[in-house]
Amino acid sequence: MENKRIFISGGAGVIGRELILLLIKKKADIYVGDLKPCPKEFKGKVKYRQGDLNNISPQEIENFSPEVFFHLAATFERSTESYEFWEENYKHNCNLTHRLISLIKDLKSIKKIIFASSYLIYKPSLYQFESPQKVATSLIETDPIYPRNLIGVAKLSHEIDLRFLNKFKSKNYNTISARIYRGYGCNSRDVISRWIRDLIKNRPIYVYKEEGIFDYIFSKDSAKGLLKLSELENFNGIINLGTGKGRKVKDILKILRKYFPNMKTIKKDSEIAYEASQANINLLKSKTNWEPEYDLEKAIPIIIDFEKKRKANHQNITKDPKVLISSSGGKTFWISSMKNALDKYKADCKVVCGDIENNCIGQFVADDFLMMHKTTNENLYKIIQSLVENKVNIVLPSRDGELLFWSKNKNTFKSYGIDVIISDHKSIEICIDKLKFYNFGQSNNFNFIKTDKDINCINSEKFVVKEQFGSGSKSLGLNLNKKEALDHSTKLENPIFQPYIEGKEISIDAWIDKENKVKGLILRTRDKIIDGESKISTTFIDENIEKKATNILESLKLSGPIVLQAILTSENKLYIIECNTRFGGGSTTSIQAGLDSFYWSILEIQGEDLNNYDFHKSKVNIRKIRIPYDIYLNT
């Protein structure tokens, strides 16, 4: 396994953590995806992607080029599945597996797909009974199947998917479905771990059908078994992964009583049948020359020790993001993009539309609406109180006129548990003042377009006239002669003048981390502009421009989503016009091209290591055409 590229879904789960520790020892190159945050023992040792893998992009998989794929990610409920599990099972079992296998099945790099299936596929009448049994039924891979619940159906479906692929791809890679039995282990939701947690807290434990017999396999053994299967040269198909030794529930209780002599049990009635199952592991032993090493007596003390240490070293858990987009107005595309980013990070996170107008359109796209106070220092604590009451913990400012308010008060918001996605106010002050911005460019030898309050200082026959502060494009005077420019300037509060330069107007979208380093940027032409916003925009690649833009942005010490505006002449000369220290109206184009600005912002706030999240720039140019669309609501 040394240097072999291994992709693991669900790597922060009970089996995944054990498997990754084994792979780290073998010096594998590991890429892990999971909804949960990166376990501390993995940091610096694996490439980790936190978020919903339903949203993983083809580029992320292709760029890693895995040779082995362990698919462990799944959602489970207890013995009886709830009505609500219908949707959860579809999203995180059925849809997720189909998505991941679809992205991997045609990769030239892939050699093995190892799928964590389940013994729940077998026909229940083989191992469930109306009365207690003295011995367990030994289930073999060829026994009849009839999944007993939604999880079993999902697992069987993907076993068949892999069997289907094997017909066409057996020369390219092996596919193995490991039917794992009743798993338990450290940091798990299994019944043994739940009982131990209750006993540590001196609580009674509830026991159902203590005569039931199950094949309990410890997570360390499940991980070791999956690793052994991945090392097989020419095996395809289904294989049991259990201990081969059924144990009664009362055996667990007897072991626990040794460690908790004052243990209290409450026996509960249940309509669930008596189970008596165990794995036939003859195929596992013959193929791997290995069998599980841990029995209940050996494993339970390990879990007890783990749970006691975890109780003593309780860790703070980061709050799920609830993001307010301030001055949302009609910025429905911002809201939709932020919702996509949050869904990619973790399901059920919320986006709140904030505005001072109670009839703004954005509220019909967001998850919630918050009537805002005006962003003035007099209203600071009213705004904080409103955000705290509504459990908002992240703010994305969207309007130029409020950027300094949010930036200057960023630390105050932070003290109330609210993060603001924004640059330092000193950098913003340079960028919102076009004269300061030009002077900054001059002092750093950047090719910023000449800017002055005196038109006579501009050597040009045609002029651009605009406001000195902000990016108000509606007041822009473009391609004017000197008289027209001076006339237009009388309509502005603080007019400044620039030479009119023939060329193509471009935007440079970038995302910059808290250390002021550019993580990625995308160039795009502004092909059709209405009211200052590009309704048609097309991405392009030019490494020379990208280097120049990176140097400028890092010199400005900015952070978060940023947009540089520039003119590119027919001679390919670049003139920087201005910098908007926020997400742009057309910047959703760049998200589509791989610049995951909102997702990276959320990850950074949540304390994730962004070195684990590569910039997967699209290899093809992408054109965005923005059109209005209708929403219909029942009232």
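Nothing here was measured: the structure is a model prediction, and the numbers come from that model.

The helix and strand inventory of the protein chain stands at 19 helices and 31 strands. By its C-alpha atoms, the protein chain is 100 × 55 × 50 Å across when sized along the principal axes. Within the protein chain, buried positions represent 52% of all 635 residues. Counting contacts in the protein chain only where the partners sit at least 6 residues apart, residues at least 24 apart contribute 71% of the total.

Sheet strands associate in pairs through backbone hydrogen bonding, adopting either a parallel or an antiparallel arrangement. Here we have six strands laid out as an open sheet, ordered E30-E29-E26-E27-E28-E31, and antiparallel in their pairing. Either end of the sheet is taken by a strand with one partner, and the two such strands are strand E30 (574-580) and strand E31 (623-625). Geometrically, the sheet is characterised by an average inter-axis angle of 30° between neighbouring strands, direction not taken into account. In this sheet, E30 lies alongside strand E29 (residues 560-568) in antiparallel orientation, the contact comprising six bridges. Residue Ala566 lies in a different strand from E30, and its bridge partner there is Ile576. Seen against the sheet, helix H15 (residues 434-443) touches E29 and E30 and runs at an angle of roughly 135° to E30. Against the sheet, helix H19 (residues 597-605) engages strand E26 (504-512), strand E27 (518-530) and E29, with an angle of about 20° to E26.

Quick look at the packing of helix H10 (residues 332-345) against H19 now. Running from amino to carboxyl end, H10 crosses H19 at an angle of 50°, the nearest separation of the two axes being 8 Å. One finds that H10 runs oblique with respect to H19. The chirality of how H10 crosses H19 is right-handed. Note on element contacts: H19 touches H10 through Phe598, Tyr599, Ile602 and Leu603, opposite Trp334, Ser337, Met338, Ala341, Leu342, Lys344 and Tyr345. Residues of the contact of H10 with H19, tallied by class, amount to nine nonpolar, one polar and one charged.

Non-glycine residue Lys209 carries a positive phi angle of around 50°. Among the structural elements, Lys209 can be located in the loop between strand E10 (205-208) and strand E11 (213-214). The phi dihedral of Asn445 falls on the positive side, at around 60°, and the residue is not glycine.

Another point: the pairing of strand E18 (residues 322-325). Of the two faces of E18, both are covered, the one formed by Lys322 and Leu324 as well as the one formed by Val323 and Ile325. Of the pairings in the sheet, the one linking E18 to strand E19 (residues 350-355) comprises four bridges and is parallel in character. From the neighbouring strand, Lys322 faces E19, where its bridge partner is Lys350. Handedness of the β-α-β unit built from E18, H10 and E19 comes out right-handed.

Looking now at the environment of Ser423. Following the sequence through the fold, Ser423 ends up in the loop between strand E22 (419-420) and helix H14 (425-432). Judged by relative accessible area, which is 0%, Ser423 ranks as buried. Distance in space between the C-alpha atoms of Ser423 and Ile200 is 47 Å, their sequence separation being 223 residues. Those residues in contact with Ser423, other than ones at most four positions away along the chain, are Ser407, Ile428, Leu558, Ser559 and Ile562.

This part is about the nonpolar core. The biggest cluster of nonpolar side chains holds 98 residues, and the ones touching the most others in it are Ile8, Leu23, Phe70, Ile192, Leu256, Ile300 and Met338. Broken down by element, this core gets its largest block of residues, six residues, from H10. Beyond its immediate chain neighbours, meaning those up to four positions away, Phe70 contacts Ile6, Phe7, Ile8, Ser9, Leu19, Leu23, Ile114, Leu226, Leu227 and Ser230. Within the second largest apolar cluster, 27 residues are counted, among which are Tyr438, Ile508, Leu574 and Cys579.

Bringing the side chain of Asp355 into the picture now. Along the chain, Asp355 turns up in strand E19. Within polar-contact distance, the side chain of Asp355 engages the backbone nitrogen of Gly329 at 2.9 Å. Filtering out sequence-adjacent residues up to four positions away, Asp355 remains in contact with Ser327, Ser328, Gly329, Cys360, Phe369, Leu370, Met371 and Met372.

The three strands lie next to each other as E24-E23-E25, forming an open sheet whose pairing is antiparallel. Strands with a single pairing partner mark the edges of an open sheet, and in this sheet they are strand E24 (477-480) and strand E25 (495-499). Taking the axes of each pair of neighbouring strands and ignoring which way they run, one obtains an average angle of 20° across the sheet. Where strand E23 (residues 463-467) and E24 come together, two bridges link them in antiparallel fashion. For Val465, the partnering residue across the bridge sits in E24 and is Gly477.

We now examine the packing of helix H3 (residues 85-104) against helix H4 (residues 150-169). Relative orientation of the contacting elements H3 and H4 amounts to 15°, with a least axis distance of 10 Å. Here H4 runs roughly parallel to H3, going by the angle between their axes. By crossing handedness, the relation of H3 to H4 is classed as right-handed. Only Leu150, Ile151, Ala154, His158, Leu162 and Leu165 of H4 make contact with H3, whose side of the interface consists of Phe85, Trp86, Asn89, Asn93, Cys94, Thr97, His98 and Ile101. A class-by-class count of the residues in the contact of H3 with H4 yields nine nonpolar, five polar and no charged.

Take helix H5 (residues 191-200) next. Turn by turn, an α-helix covers 3.6 residues, leaving residues three or four places apart pointing in a common direction. Buried within H5 are the following residues: Ile192, Ser193, Trp195, Ile196, Leu199 and Ile200. Mapping the buried residues of H5 onto a view down its axis gives an arc of 160°, with all of them on the same face. Its side-chain oxygen 2.9 Å from the backbone nitrogen of Ile192, Asp190 forms the N-cap of H5.

In total, this model carries 22 aromatic pairs according to the counting rule given. Judged by centre distance (6.0 Å) and plane angle (85°), the ring pair of Trp600 and Phe615 falls under edge-to-face. Separated by 15 residues along the polypeptide, Trp600 in helix H19 and Phe615 in the loop between H19 and E31 bring together distant segments of the chain. Its relative accessible area of 22% is what places Phe615 among the partly exposed residues. Taken together, the aromatic side chains of Tyr184, Phe214, Tyr216, Phe218 and Tyr294 make up a single cluster linked through ring pairs. A cation over an aromatic ring shows up here: Lys209 above the ring of Tyr274, its NZ or CZ 4.3 Å from the ring centre. Note that Arg626 overlies the ring of Phe333, its terminal NZ or CZ placed 3.8 Å from the centroid.

Calculation rules
Numbering of residues starts from 1 in each chain and follows the order in which that chain's sequence is written. Local features in a predicted model are, by the rule used here, given only for residues with pLDDT of at least 70; side-chain atom pairs are given and counted only at 80 or more, and totals for whole chains, interfaces and linings are based on all residues. Side-chain measures were taken over the full set of non-hydrogen atoms in the model, leaving aside hydrogen atoms and water. To qualify as a helix, a DSSP run of H or I must reach at least 4 residues; to qualify as a strand, a run of E must reach at least 2; elements of each kind are numbered from the N terminus. Throughout, exposure labels follow a simple rule: accessible area from a 1.4 Å probe, protein chains only, divided by the maximum for the residue type, with under 20% read as buried, over 50% as exposed, and the rest as partly exposed. Contact criterion: two residues are considered in contact whenever any of their non-hydrogen atoms come within 4.5 Å of each other. The rule for pairing is simple: two strands pair if DSSP sees at least two bridges between them. For helices, the axis comes from a line fit to the C-alpha atoms of the stretch in contact; other axes are also lines fit to C-alpha atoms, and the angle between any two N-to-C directions lies between 0 and 180 degrees. Relative orientations are named as follows: roughly parallel for angles under 35 degrees, roughly antiparallel for angles over 145 degrees, roughly perpendicular for angles from 65 to 115 degrees, and oblique for any other angle. If you view the pair so one helix is near and one far, a crossing is left-handed when the near helix is turned anticlockwise from the far one by less than a right angle, and right-handed when it is turned clockwise. Just so you know the grouping, Ala, Val, Leu, Ile, Met, Phe, Trp, Tyr, Cys and Pro go in nonpolar, Asp, Glu, Lys and Arg go in charged, and all remaining residues, Gly too, go in polar. A crossover counts as right-handed when, viewed with the strands pointing away from the observer, the path leading from the first strand over the helix to the second turns clockwise. As used here, the term nonpolar core means buried Ala, Val, Leu, Ile, Met, Phe, Trp, Tyr and Cys residues forming a set that is joined through side-chain atoms within 4.5 Å. Two N or O atoms form a polar contact when they lie within 3.5 Å of each other; inside protein one atom must be a possible hydrogen donor and the other a possible acceptor, and for residues adjacent in sequence the pair counts only when both atoms belong to side chains. Working definition: the arc comes from the directions between the helix axis and the C-beta atoms, pointing outward to the latter. Any Phe, Tyr or Trp ring, taking Trp's six-membered ring, that has another such ring centre within 6.5 Å forms a pair; planes under 30 degrees apart are called stacked, those over 60 apart edge-to-face, and the others tilted. Whether a charge lies above a ring is judged from NZ of Lys or CZ of Arg, which has to be within 6 Å of the ring centre and within 35 degrees of the ring normal.

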